[in-house]
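Summary of structural features
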Amino acid sequence: MELRVLRYFLMVAREENITKAAQLLHVTQPTLSRQLQQLEQELGVTLFRRGKYNISLTEDGMLLKRRAQELVALSDRTMQDLTNREQDISGEISIGCGETRNMTLLAEQMTAFRQKYPLVQFSLYSATADDIKERMEAGLLDMGLLMEPVDIGKYDFIRMPWKEKWGVLVRKDSPLGQKPSVFPEDLLRVPLLIPRREVVRHELSAWFGETYDRLEIAATYNLILNAAALVRQNAGVALCFDLGSFYEELIFVPFASAVETGAVVVWKKNQFQAQATDCFIKWLRNTI
């Protein structure tokens, strides 16, 4: 597979119309159709369902779309990194970020870094630690701000200074919203929205103790902002960190016995880093 053909494929997948895609790619429609047919023959699968006026992806086509996006993005990043090596410090630094108050500190350092190196751009990707690590392994992210517990055996890291405190996000007008803190027994018979990561749920089960098996799990989530919308609609209460106010009608209530979680900035060990990324890592080592 050639990268050029994968770019053609992605354009057609986006536009769902070969004629329009050909115009945007500045190639003729017969040429584009022939390239797609050759790609299907090379892979031995059907990538598109062809209708009279548009086309759509098959399951094999959707799989290729995900892989092609990763390959094209990695190619573009590699080209950019190699092109910028001999110039003033510039280029893109991609960072995967979990939801944590430590992002405030990292944002301060990113802002200060760009004041000194204005040709650098940051690309942020918000996700859980597991998703971020997967994208780092694929070469799509340079660094990650990960919430513990997390296995960082493959990575060099800087430990962030702030600890995140666990509690529940509830409506202010709920009985729990009137409490200074909550005990495990307070959350029985209450619909709960809990983090999706299995390792985090295991950590929380230690706080709940024997009551954990009696909890009513209404939903799981990976981004607290989405869970907050459910809390706002009175669908339940969300187990989360204290990240500040999402909505005026919501309030964070801490666990009665403190449960804290740390955060780390990580990058792969023994791996070549682009000049901008390497410079930013050194910057963080000196400032955090």
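Basis of the calculations
Within any chain, residue numbers begin from 1 and follow the written order of that chain's sequence. Selection of residues for local features in this predicted model requires a pLDDT of at least 70, selection of side-chain atom pairs for listing and counting requires 80 or more, and totals for whole chains, interfaces and linings are taken over all residues. Computation of side-chain values: all heavy atoms of the structure, hydrogens and water removed. UniProt positions are given in the numbering used here, feature names are shortened, and annotations may be inferred rather than shown by experiment. Helix and strand assignments come from DSSP, with helices taken as H or I runs of at least 4 residues and strands as E runs of at least 2, each series counted from the N terminus. Lines fitted to C-alpha atoms define the axes, with helix axes restricted to the stretch in contact, and inter-axis angles between N-to-C directions lie between 0 and 180 degrees. Any angle between 65 and 115 degrees counts as roughly perpendicular, while under 35 counts as roughly parallel, over 145 as roughly antiparallel, and the rest as oblique. By definition, turning the near helix anticlockwise from the far helix through less than a right angle yields a left-handed crossing, and turning it clockwise yields a right-handed one. Two residues qualify as a contact provided that any one of their heavy atoms is within 4.5 Å of a heavy atom in the partner residue. Throughout the structure description, domain borders are defined by an automatic or database domain assignment. Using a 1.4 Å probe, buried area is obtained as the accessible area two parts lose upon being combined, added over both of them. Here a salt bridge means any side-chain nitrogen of Lys or Arg lying within 4 Å of a carboxyl oxygen belonging to Asp or Glu. Pairing of N or O atoms within 3.5 Å defines a polar contact, subject to two protein rules: one partner must be a possible hydrogen donor and the other a possible acceptor, and residues neighboring in sequence count only if both atoms are side-chain atoms. Categorising residues by exposure relies on relative accessible area from a 1.4 Å probe, with only protein chains included: less than 20% of the type maximum marks a residue as buried, more than 50% marks it as exposed, and the intermediate range marks it as partly exposed.

Bringing the UniProt feature "domain: HTH lysR-type" (unreviewed entry) in the chain into the picture now. The sites that UniProt annotates as "domain: HTH lysR-type" (unreviewed entry) are residues 1-58. Helix makes up 62% of residues 1-58 and strand 10%, whereas the separation of the span's terminal C-alpha atoms amounts to 19 Å.

What follows concerns the packing of helix α1 (residues 3-15) against helix α2 (residues 18-25). Contact pair α1 / α2: the axes reach a minimum separation of 8 Å and the direction vectors enclose 130 degrees. Relative to α2, α1 is oriented oblique. Regarding α1 and α2, the two cross each other, and that crossing is right-handed. In this structure, α1 contributes Tyr 8, Met 11, Val 12, Arg 14 and Glu 15 to the contact, and α2 contributes Ile 18, Lys 20, Ala 21, Leu 24 and Leu 25.

Before going further, it helps to examine the domain arrangement of the chain. We note that the domain assignment places domain 1 (3-83), domain 2 (91-162 + 263-287) and domain 3 (163-260) within the chain. One C-alpha centre belongs to domain 2, the other to domain 3, and the line joining them spans 28 Å. Opposite the 13 residues of domain 2 that make contact, domain 3 presents 13 residues. Between domain 2 and domain 3, a total of about 1200 Å² is buried, with carbon and sulfur atoms accounting for 54% of that surface. Contact with domain 3 buries surface across domain 2, with Glu 99, Arg 101 and Pro 149 losing the most and accounting together for 49% of the total. The interface formed by domain 2 and domain 3 contains two salt bridges. At the surface where domain 2 touches domain 3, the tally comes to seven residue pairs in polar contact (both at pLDDT 80 or more).

So, about the pattern of salt bridges. The final tally for this structure, using the stated rule, is 13 salt bridges. The partner of Arg 14 in a salt bridge is Glu 15, with the nearest N and O atoms 2.7 Å apart. Here Arg 14 falls in the exposed class, since its relative accessible area comes to 55%. Exposure remark for Glu 15: the relative accessible area of 17% places this residue in the buried category. Linking Glu 164 and Arg 101 is a salt bridge whose minimum nitrogen-to-oxygen distance equals 3.5 Å. Taken as a pair, Glu 164 in strand β7 (residues 164-171) and Arg 101 in the loop between β3 (91-97) and α5 (102-116) lie far apart in primary sequence, 63 residues in all. For Arg 101, a relative accessible area of 36% corresponds to the partly exposed category.

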